[in-house]
Amino acid sequence: MKKTWLLTGTSTGFGRELAELLAQQPDINLVATARNTDKLSYLDQYDHGQILKLALDVTDQQQVAAVVEQTVAKFGTLDVLDNNAGFGYFSTFEEADEETVRQMFEVNVWGLVHMTQAVLPVMRRQQAGVIIGISSDAGLIGEAALSFYSGTKFAVEGLFESLAQEVAEDQIKVMLVEPSSFRTDWAGRSSQKKDTDFPKDYQKTDQALREYAQGAGTEAGNPKAAAATIYDQVVNHADNLPLHLPLGESAVTRAQKKYADLAEKFTALTPLATAADFPKKSDEN
Ligand SMILES: NC(=O)c1ccc[n+]([C@@H]2O[C@H](COP(=O)([O-])OP(=O)(O)OC[C@H]3O[C@@H](n4cnc5c(N)ncnc54)[C@H](OP(=O)(O)O)[C@@H]3O)[C@@H](O)[C@H]2O)c1
């Protein structure tokens, strides 16, 4: 039986690469969404009735509900949701533009939440489904100049780690994808940037802001390869789907370093942490 995939943000980047790959599979129905569906004409060459292109701004809850309804009405099932839509924001913590930051949380966090809440009833009825959250290595590691973007992705990590435990009994799998820097529109077109007015006080952050701007278009990560890996994990390794899928070498090495350092420090801090508990019954006797 054909599987139905629903993707957000398929106009460019990871979403587009995955949509183009899925559009060429004989056993997959694809619901490709974008704020502007004119940007989805690249799919037309593959369409023989198995592709549904729908307008979707993930911050619009009415559109979210309508997209899920139309997906089920056309294909009967909804097997995989890929929460991909998102954007970045570079700034010092102190000078961040609150309106932009709130909009980023609306898209990166609440958009993903509302999409996921909308598909869960369908997947629970099916007693099957896969929910993907395109997080980031910035969801595991905080970095100068990216505090609020990291905040959105740390939120996604916490939400989906918890969700995975809640929905496991309904045979619904959750996968957090944690890419390092990839060659998409993310660092260029789709990110917002606020330079610091205090470069002397924020030398490290100022340098990071410049490096991110200069690095756009030369990132190590290949989004086509990322899409192929996501597809392969869901289709061929569904029984053993990783809750965390790092993509790009530095996503692995940086996270390994962080967690090794943390483990070592926590070992040293264990007596201090334990001293904050009430005495155990066995210690009182
Ligand atoms: N590239 C990286 O280095 C990297 C690393 C880690 C994580 N990520 C994450 O990967 C995901 C995809 O980004 P990308 O790298 O592929 O960048 P991208 O090429 O800029 O793609 C972002 C996509 O999100 C869409 N989008 C933005 N706001 C939206 C909204 N309100 N509703 C619906 N769609 C919206 C964009 O559509 P429009 O054309 O309408 O703007 C675009 O299709 C994001 O969540 C990003 O945070 C990227």
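So, here is what we can say about the structure in this document. Please read these numbers as outputs of a predicted model, since none were measured by experiment.

The ligand sits among 28 residues. The nearest are Ser11, Arg35, Tyr149, Phe182 and Thr184. One of the backbone N or O atoms of Phe14 is found 2.9 Å from an oxygen atom in the ligand. Starting from 890 Å² of accessible surface for the ligand in isolation, the protein chains cover 97%. If you list the elements that add at least two residues to the shell around the ligand, you get helix H1 (13-23) and helix H4 (147-167). Looking at the shell around the ligand residue by residue, the classes come out as 10 nonpolar, 12 polar and six charged.

The tally for this structure, following the rule as stated, stands at six aromatic pairs. Seen in terms of ring centroids, Phe90 and Trp186 are 5.4 Å apart; in terms of plane orientation they differ by 70°. Their pairing is edge-to-face. With a gap of 96 residues between them, Phe90 in strand S5 (residues 89-90) and Trp186 in the loop between strand S7 (172-179) and strand S8 (192-193) connect regions that are remote in the sequence. Look at Phe90 and you get buried, because its relative accessible area is 3%. Of the aromatic side chains, those joined through ring pairs into one cluster are Phe90, Tyr149, Trp186 and Tyr212. In this structure, Arg16 is placed above the aromatic ring of Tyr42, and the distance from its NZ or CZ to the ring centre is 4.0 Å.

So, about the pairing of strand S1 (residues 3-7). Most of S1 sits inside the fold, with four of its five residues counted as buried. Bridge analysis of S1 against strand S2 (residues 28-34) gives five bridges, and the strand direction is parallel. The partner of Leu7 across the bridge, within S2, is Ala32. Regarding topology, H1 serves as the crossover connection from S1 to the parallel S2, and that connection is right-handed. Bridging between S1 and strand S4 (residues 80-83) involves three bridges; their strand directions are parallel. In the strand pairing of S4, Leu6 is matched with Leu81.

What counts and what doesn't
- Residues numbered from 1 in each chain as written.
- Predicted model: local features only at pLDDT ≥ 70, side-chain atom pairs only at ≥ 80, totals over all residues.
- Heavy atoms only, no water.
- Near = heavy atom within 4 Å.
- Polar contact = N/O pair within 3.5 Å; in protein donor to acceptor, adjacent residues only side chain to side chain.
- Areas by Shrake-Rupley, 256 points an atom, 1.4 Å probe, with all protein chains shown as cover.
- Helix = DSSP H or I, 4+ residues; strand = E, 2+ residues; numbered from the N terminus.
- Nonpolar A, V, L, I, M, F, W, Y, C, P; charged D, E, K, R; others polar.
- Phe/Tyr/Trp six-rings, centres within 6.5 Å; stacked < 30°, edge-to-face > 60°.
- Buried < 20%, exposed > 50% of the residue type's maximum accessible area, 1.4 Å probe, protein only.
- Lys NZ or Arg CZ within 6 Å of the ring centre and 35° of its normal.
- Pairing = 2+ DSSP bridges.
- Right-handed = clockwise from strand over helix to strand, strands pointing away.

Such coordinate-based values are descriptive only and should not be taken to indicate function.
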